[in-house]
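A structural walkthrough
As a plain string of letters, each chain reads:
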Amino acid sequence: MTGFSPECGKNRSESSAVDLSSFGIREGISETIISTGLESPNAAPIGIIVKGGRTFVRLFKGTHTWANVSKEKHLASNIVYDPLLFVRSTFFDLEPSEFDYVPVHGLSFPILKTASAWVVFECTDLKNTDHALVADLTPIKAGFNEANWKSLPVPNRGFNAVLEATVHATRYQLTGEEKYLELIRHYESLASKCGGENEKKAMKLLYEVLGL
Ligand SMILES: Cc1cc2nc3c(=O)[nH]c(=O)nc-3n(C[C@H](O)[C@H](O)[C@H](O)COP(=O)(O)O)c2cc1C
């Protein structure tokens, strides 16, 4: 079941005056999975930054997300609580069947089927630095999957540990610095102590990716 079409009666979407906080995106950095790509859908974890009333992303050059946003100037932020999906979308391409499409600004925009909620943003005022693209975000359409939204997990240190380990894994891949391996091992023990089955699967996959 695709889960997001308003016709099925279990899902809601709104297109004007989207209140970001009611979709869980608040002051600070919200770790969501960003979907982009009108021709070929892509997903990757990216922080949505809300600071001093401004909402923006910082996208490192060379990623698919960076290329898609530079070209298409739209992105969707998917609120996801699945640690395995965070690891998979960091290091691998997701299956096309994992995406749904919502009509917005005359586009058919990809979102993730398993998201609890999603917000499509228009990206404006794009600024390139040496290493990154910074883009301001204006929410244009949002929705939530009522079934997923009703079963939100409570904070879990194991889930957070997977996020931390995955961030350090991307840094390790970039730099090869030993300090990141130590951090990854630290967060792995936390994930295995506090996490459930999905956190353990996520860490196993992360270790495989790094050849540990
Ligand atoms: C929790 C988390 C947050 C991340 N935040 C960002 C971010 O804000 N900006 C960014 O460019 N990359 C971020 N990354 C790294 C990207 O997800 C990673 O480079 C990914 O491989 C890019 O995939 P893509 O080429 O499909 O876009 C983050 C990774 C994780 C695990």
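Residues numbered from 1 in each chain as written. Predicted model: local features only at pLDDT ≥ 70, side-chain atom pairs only at ≥ 80, totals over all residues.

1. Structural notes on the nonpolar core
In plain terms, the rule: Think of a nonpolar core as buried Ala, Val, Leu, Ile, Met, Phe, Trp, Tyr and Cys residues, each tied to the set through C-beta atoms within 7 Å. Here a residue counts as buried when 20 or more other C-beta atoms sit within 10 Å of its C-beta, as exposed when there are 12 or fewer, and as partly exposed otherwise, the C-beta atoms being derived from the backbone. Helix and strand assignments come from DSSP, with helices taken as H or I runs of at least 4 residues and strands as E runs of at least 2, each series counted from the N terminus. As annotated, the domain borders come from an automatic or database domain assignment.
Core analysis: the biggest nonpolar cluster contains 48 residues, and Ile-33, Ala-76, Ile-111, Trp-118, Val-119, Val-162 and Ala-165 have the highest contact counts within it. The element contributing the most residues to this core is strand E8 (residues 117–128), with six residues. A domain-level breakdown of this core finds at least three residues from each of domain 1 (6–149) and domain 2 (157–210).

2. Brief notes about the site of the ligand
Here is the rule we go by: A residue counts as near a molecule or strand when its C-beta atom, positioned from the backbone, falls within 6 Å of it. Gly falls in the polar group here, along with every residue not listed as nonpolar (Ala, Val, Leu, Ile, Met, Phe, Trp, Tyr, Cys, Pro) or charged (Asp, Glu, Lys, Arg).
As a structural note, the neighbourhood of the ligand is formed by 18 residues, with Ala-44, Phe-60, Thr-63, His-64 and Thr-65 the closest of them. Looking at the shell around the ligand, the elements that each hand over two or more residues are strand E3 (42–51), strand E4 (54–60), helix H1 (64–72), helix H2 (83–91) and helix H4 (157–175). Among the elements that take part in the shell around the ligand, E3 stands out by supplying five residues, more than any other. Here the shell around the ligand is composed, by residue class, of eight nonpolar, eight polar and two charged. No fewer than three residues from each of domain 1 (6–149) and domain 2 (157–210) sit in the shell around the ligand.

3. Examining H2
Cut-off, in case you're wondering: Contacts here follow a simple rule: the backbone-placed C-beta atoms of the two residues must lie within 7 Å.
Buried residues dominate H2, accounting for seven of its nine residues. What H2 keeps buried is the set Pro-83, Leu-85, Phe-86, Val-87, Arg-88, Ser-89 and Thr-90. Structurally, H2 contributes buried residues whose contacts are with strand E2 (28–36), E3, H4 and helix H6 (197–210).

4. Things to note about the packing of H4 against helix H5 (residues 178–194)
The line we're drawing: Between the N-to-C directions of two axes lies an angle of 0 to 180 degrees, each axis being a line fitted to C-alpha atoms and, for a helix, fitted only over the stretch in contact. Small angles under 35 degrees read as roughly parallel and large ones over 145 as roughly antiparallel, with 65 to 115 read as roughly perpendicular and the rest as oblique. By definition, turning the near helix anticlockwise from the far helix through less than a right angle yields a left-handed crossing, and turning it clockwise yields a right-handed one.
For the pair H4 and H5, interaxial distance at closest approach is 8 Å and the crossing angle is 160°. It follows that H4 is roughly antiparallel to H5 by the angle criterion. Both H4 and H5 take part in a crossing whose hand is left-handed. Contacts from Arg-157, Gly-158, Ala-161, Val-162, Glu-164, Ala-165, His-168, Ala-169, Arg-171 and Tyr-172 of H4 reach H5 at Tyr-180, Leu-181, Leu-183, Ile-184, Tyr-187, Glu-188, Leu-190, Ala-191 and Cys-194. Split by residue class, the contact of H4 with H5 holds 13 nonpolar, two polar and four charged.

5. So, the pairing of E3
Which entries qualify depends on this criterion: The criterion for strand pairing is that DSSP finds at least two bridges linking the strands in question.
As paired elements, E2 and E3 share nine bridges and run antiparallel to each other. Within E3, the residue paired with Ser-35 across the bridge is Ala-43. Two successive antiparallel strands, E2 and E3, enclose a turn made up of five residues, where Gly-37 displays a positive phi of approximately 100°. Relative to E4, E3 runs antiparallel, the two being bridged by three bridges.

6. Structural notes on the domain arrangement of the protein chain
When the domains of the protein chain are assigned, the result is domain 1 (6–149) and domain 2 (157–210). Spacing between the C-alpha centres of domain 1 and domain 2 amounts to 23 Å. With nine residues of domain 1 at the interface, the matching set in domain 2 holds 12 residues. Considering every element that reaches the side of domain 1 that touches domain 2, the biggest residue donor is H2, with seven residues.

7. Quick look at H4
For an α-helix, the turn length of 3.6 residues means that residues three or four places apart are oriented alike. Selection rule: Here the expected span of a helix is defined as 1.5 Å times the quantity of residues minus one.
Spanning 19 residues, H4 covers 27 Å between terminal C-alpha atoms, matching the ideal 27 Å at 1.5 Å per step. Where the residues of H4 are buried, they touch H2, H5 and H6. Gly-176 lies just past H4 and shows a positive phi near 70°.

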